Amino acid sequence: MTKRALITGITGQDGAYLAQFLIRKGYEVHGIIRRSSHLGVADHRLRWLGIADKLTLHDANLSDLSSLIRIVSEVQPDEFYNLAAQSFVATSWRQPILTANITAVGVTNVLEALRLIKPDTRFYQASSSEMYGLIQQERQSETTPFYPRSPYAVAKLYGHWITVNYRESFGMHASSGILFNHESPLRGVEFVTRKVTDGVARIKLGLATELRLGNIDAKRDWGHARDYVKAMWLMLQQEAADDYVVATGITTTVRDMCRIAFDHVGLEMDSHLVIDPDLFRPSEVDVLLGEPAKANKALGWTAETSLRDMIVEMVEADLKRLSSPAAPTEQPLPEILP
Ligand code: NDP
Ligand code: GDR
C-alpha cells in the first residue's frame, strides 16, 4: 500500500528536501501551502529539486485550525511532518506574537487536527537546538536542560513540550527531532551560511565589494539538510515515538565557516568582511554543539556531509545561479536587522 505523507512548510528548505526524499521512497506526498505564498515564487525550491509536479499542494495555514482539520480529513495521512514555522530567530524579536501564534500554538492546532480526525497518524515536530540557548553543558543531548534565548526559541520549546504531552496524554505516535543548524543551497538567504555563500559569490563575480555580518564569534553545529530529513523519516519508522538530537557533533565559529567560503574562491576574507554592530542580536546563543549518540544508535543515522563540502556546494550553486542569465531571478533579501 502506498503510504501518504502530509508536510507543513513544504515550500521551505527542509520541506523541499523531505518531499524529494519521500517521493523517492514511493510515498504519495501532500503539502500545505499558505494562500499568501503565491505559487511560482514560493515553490521555487520544489522546482529546483524537480518535484513540483510530483506532489499535491493544499491551501491551509497553521494558525487556522479549521483549515488543518479539512486537510487532514481529505488526505488521511499515515505520516505528518510539521515543519512550518516563523523560523528566523532575528525576526522573532520584531514579530514575537506572530512567532508564538505559528511556531508555538500552531503545533497544538496540528496536533488537535490529528487527534480529532486521525489520531493514529505518526507525527514529527521540528524542534530546535535553539531551545538549549544559554548552555550549561559542553554538549547538548536529549537530557540537557533548556534555556531559550529568543521569542523563537521560547515558541519552539512550547511546540516541543506539547508534542511530548500529546504523546503521553493521548498515546499518539508523536516524535520531536531536536535538530541543530542544517543548511544547503536551498537555505533562505537571510540565514548566515547562505548569506555568506551568496555574498562571497557576488564579490567573486564583481557584483558586490563587501559582506556585512554581526557576531562572527558565535559557534554552531552545522550539517546538511539533505542528511537531516532522513533522520526525520527514521523517527517515524520506529515502533515507539521518542525525542532525538540530530547533529554532527562538531562546532565551528561563523568566522571559520565564512573563511571556508572566501578561501574556496581565492579571495581574502579580511579585505571584504565588515562587522556591523546593527546585526548583533539582543541576546545571543554563543555556542551549540550536539551529542547525536542516541540518533546514531537507535536510528542508525549519522551526518554524512562535512561543513567544508556543504559550504563549497553552496558557493558553487550561488556562483552558477548568479552567473547564468537563465537561472531563477532570486534577488538578495533586503538587509534584515536583528
Ligand atoms: P524555512 O524557513 O525554510 O521554511 C519554513 C516553512 O514554514 C515555509 O514553507 C513557510 O511557508 C512555512 N510557514 C510559515 N508560516 C506558516 C503558516 N502560518 N502556515 C503554514 N506554513 C507556514 O525553514 P526550514 O526549512 O529551515 O526549517 C523547517 C523547520 O525546522 C522550521 O520549523 C524550523 O524552525 C525548524 N528548524 C530548522 C533548523 C535549520 O537549521 N534549518 C534547525 C532546527 C529546527 P512560506 O513559503 O509561505 O513562507
Ligand atoms: P540561527 O541561524 O539563529 O542559529 O537559527 P542563523 O544562520 O540566522 O544565525 C547563526 C549565527 O550566526 C550569527 N550571525 C548572523 N546571522 C545572520 N542570520 N545574519 C548575519 O549577518 C549574522 N552575523 C552573525 C547569528 O548571530 C547566530 O549566532 C537557525 C534557524 O534555522 C532556526 O530556525 C533553527 O531552529 C536554528 O538554526 C537551529
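Residues numbered from 1 in each chain as written. Chains lettered and ligands numbered in written order. Predicted model: local features only at pLDDT ≥ 70, side-chain atom pairs only at ≥ 80, totals over all residues. Heavy atoms only, no water.

1. Details of the sheet that holds strand S6 (residues 174–179)
One open sheet holds the seven strands; their spatial order is S3-S2-S1-S4-S5-S6-S11, and the pairing between them is parallel. Two strands lie at the open edges of the sheet, namely strand S3 (56–59) and strand S11 (243–246), each paired on one side alone. Across the sheet, the mean angle separating the axes of adjacent strands is 20° when strand polarity is ignored. Across four bridges, the pairing between strand S4 (residues 79–82) and strand S5 (residues 122–128) is parallel. Bridged to Phe 80 within S5 is Phe 123. Seen against the sheet, helix H3 (residues 65–75) touches strand S1 (4–8), strand S2 (28–33), S3 and S4 and runs at an angle of roughly 150° to S3. Across the sheet, helix H8 (residues 225–236) lies against S4, S5, S6 and S11, angled at about 155° from S6, the strand it touches most. (Pairing = 2+ DSSP bridges. Helix = DSSP H or I, 4+ residues; strand = E, 2+ residues; numbered from the N terminus. Axes fitted to C-alpha atoms, helices over the stretch in contact; angles between N-to-C directions. Contact = heavy atoms within 4.5 Å.)

2. Comments concerning the confidence of the model for the protein
Per-residue pLDDT for the protein averages 93, and the proportion of residues at 70 or more is 94%. The low-confidence segment residues 327–338 (pLDDT under 50) makes 30 contacts with residues lying over four places distant or belonging to another chain. Predicted complex, confidence summary: ipTM 0.99, pTM 0.96. (pLDDT = per-residue confidence, 0-100.)

3. Details of the packing of helix H5 (residues 96–117) against helix H6 (residues 151–170)
Where H5 contacts H6, the axes come no closer than 8 Å and their chain directions differ by 15°. By the angle class used here, H5 and H6 are roughly parallel. Helix-helix and strand crossings are classified by hand; for H5 and H6 the assignment is right-handed. When H5 is examined against H6, the residues Pro 96, Thr 99, Ala 100, Thr 103, Ala 104, Val 105, Val 107, Thr 108, Leu 111, Glu 112 and Arg 115 are found in contact with a partner set consisting of Pro 151, Tyr 152, Ala 155, Lys 156, Tyr 158, Gly 159, Ile 162, Thr 163, Tyr 166 and Phe 170. Here the residues of the contact of H5 with H6 sort into 13 nonpolar, five polar and three charged. (Parallel < 35°, antiparallel > 145°, perpendicular 65-115°, else oblique. Left-handed = near helix turned anticlockwise from the far one by under 90°. Nonpolar A, V, L, I, M, F, W, Y, C, P; charged D, E, K, R; others polar.)

4. Digging into the packing of helix H7 (residues 192–204) against helix H9 (residues 254–264)
Put simply, H7 and H9 touch, their axes get as near as 9 Å, and they point 30° apart. Here H7 runs over H9; the crossing is right-handed. Residues Val 192, Thr 193, Val 196, Val 200 and Ile 203 of H7 form the contact with H9, whose participating residues are Val 254, Met 257, Cys 258, Ala 261 and Phe 262.

5. A look at the side chain of Asp 227
Turning to its location among the elements, Asp 227 is positioned in helix H8. Buried charged residue Asp 227 carries no salt bridge. Nearest counter-charge: Lys 230, at 4.6 Å. Reaching out from Asp 227, the side chain makes a polar contact with the backbone nitrogen of Glu 304 at a distance of 2.9 Å. In this view, Asp 227 contacts Trp 301, Ala 303, Glu 304 and Thr 305; residues no more than four positions away in its chain are not counted. (Buried < 20%, exposed > 50% of the residue type's maximum accessible area, 1.4 Å probe, protein only. Lys, Arg positive; Asp, Glu negative; His and termini not counted. Salt bridge = Lys/Arg side-chain N within 4 Å of Asp/Glu carboxyl O. Polar contact = N/O pair within 3.5 Å; in protein donor to acceptor, adjacent residues only side chain to side chain.)

6. Digging into the packing of aromatic side chains
In this structure the tally under the stated criterion is nine aromatic pairs. Look at Tyr 132 and Phe 180: their rings are 6.0 Å apart centre to centre, the planes differ by 35°, and that puts the pair in the tilted class. One end of the pair, Tyr 132, is in the loop between S5 and H6; the other, Phe 180, is in the loop between S6 and strand S7 (182–183), and 48 residues separate them in sequence. Residues Tyr 132 and Phe 180 agree in their burial class; the two are buried. Where Phe 146 meets Trp 161, the ring centres are 6.4 Å apart and the plane angle is 80°; that geometry is what we call edge-to-face. Highlighted residues: Phe 146 in the loop between S5 and H6 and Trp 161 in helix H6, separated in sequence by 15 residues. Its relative accessible area of 48% is what places Trp 161 among the partly exposed residues. Three or more aromatic residues link up through ring pairs in this structure, and these residues are Tyr 132, Phe 146, Trp 161 and Phe 180. (Phe/Tyr/Trp six-rings, centres within 6.5 Å; stacked < 30°, edge-to-face > 60°.)

7. Some remarks on H9
Working note: α-helix, 3.6 residues per turn, so residues spaced by three or four point in the same direction. All of the buried residues in H9 are Val 254, Met 257, Cys 258, Ile 260, Ala 261 and Phe 262. Looking at the buried positions of H9, the neighbouring elements they touch are H7, strand S8 (211–213), strand S12 (252–253), helix H10 (269–272) and helix H12 (307–323). Within two residues after H9, Gly 266 carries a phi angle of roughly 75°, on the positive side.

8. Let's talk about the site of ligand 2
In the vicinity of ligand 2 there are 23 residues, among which Ser 87, Ser 128, Tyr 152, Arg 281 and Glu 284 approach most closely. One of the side-chain nitrogen or oxygen atoms of Asn 181 is found 2.8 Å away from an oxygen atom of ligand 2. The separation between an oxygen atom of ligand 2 and a polar main-chain atom of Val 192 is 2.8 Å. Coverage of ligand 2 by the protein chains reaches 95% of its 700 Å² of free accessible surface. Counting only elements with at least two residues in the shell around ligand 2, the list comes to H7 and S8. Along the lines of polarity and charge, the residues of the shell around ligand 2 split into nine nonpolar, six polar and eight charged. (Near = heavy atom within 4 Å. Areas by Shrake-Rupley, 256 points an atom, 1.4 Å probe, with all protein chains shown as cover.)

9. Observations concerning the nonpolar core
Grouped burial of nonpolar side chains is what soluble globular proteins tend to show. Of all hydrophobic cores here, the largest spans 36 residues; its most connected members are Ile 7, Leu 22, Val 29, Tyr 81, Tyr 124 and Met 235. The set of elements that each furnish at least two residues to this core consists of S1, helix H1 (13–24), S5, H8, S11 and helix H11 (293–299). When near neighbours in sequence (up to four residues on either side) are disregarded, Val 29 contacts Ala 5, Ile 7, Ile 10, Ala 19, Leu 22, Ile 23, Leu 55 and Thr 56. Counting residues in hydrophobic clusters, the runner-up holds 24 residues, among them Cys 258, Leu 273, Leu 307 and Met 314. (Core = buried A, V, L, I, M, F, W, Y, C linked by side-chain atoms within 4.5 Å.)

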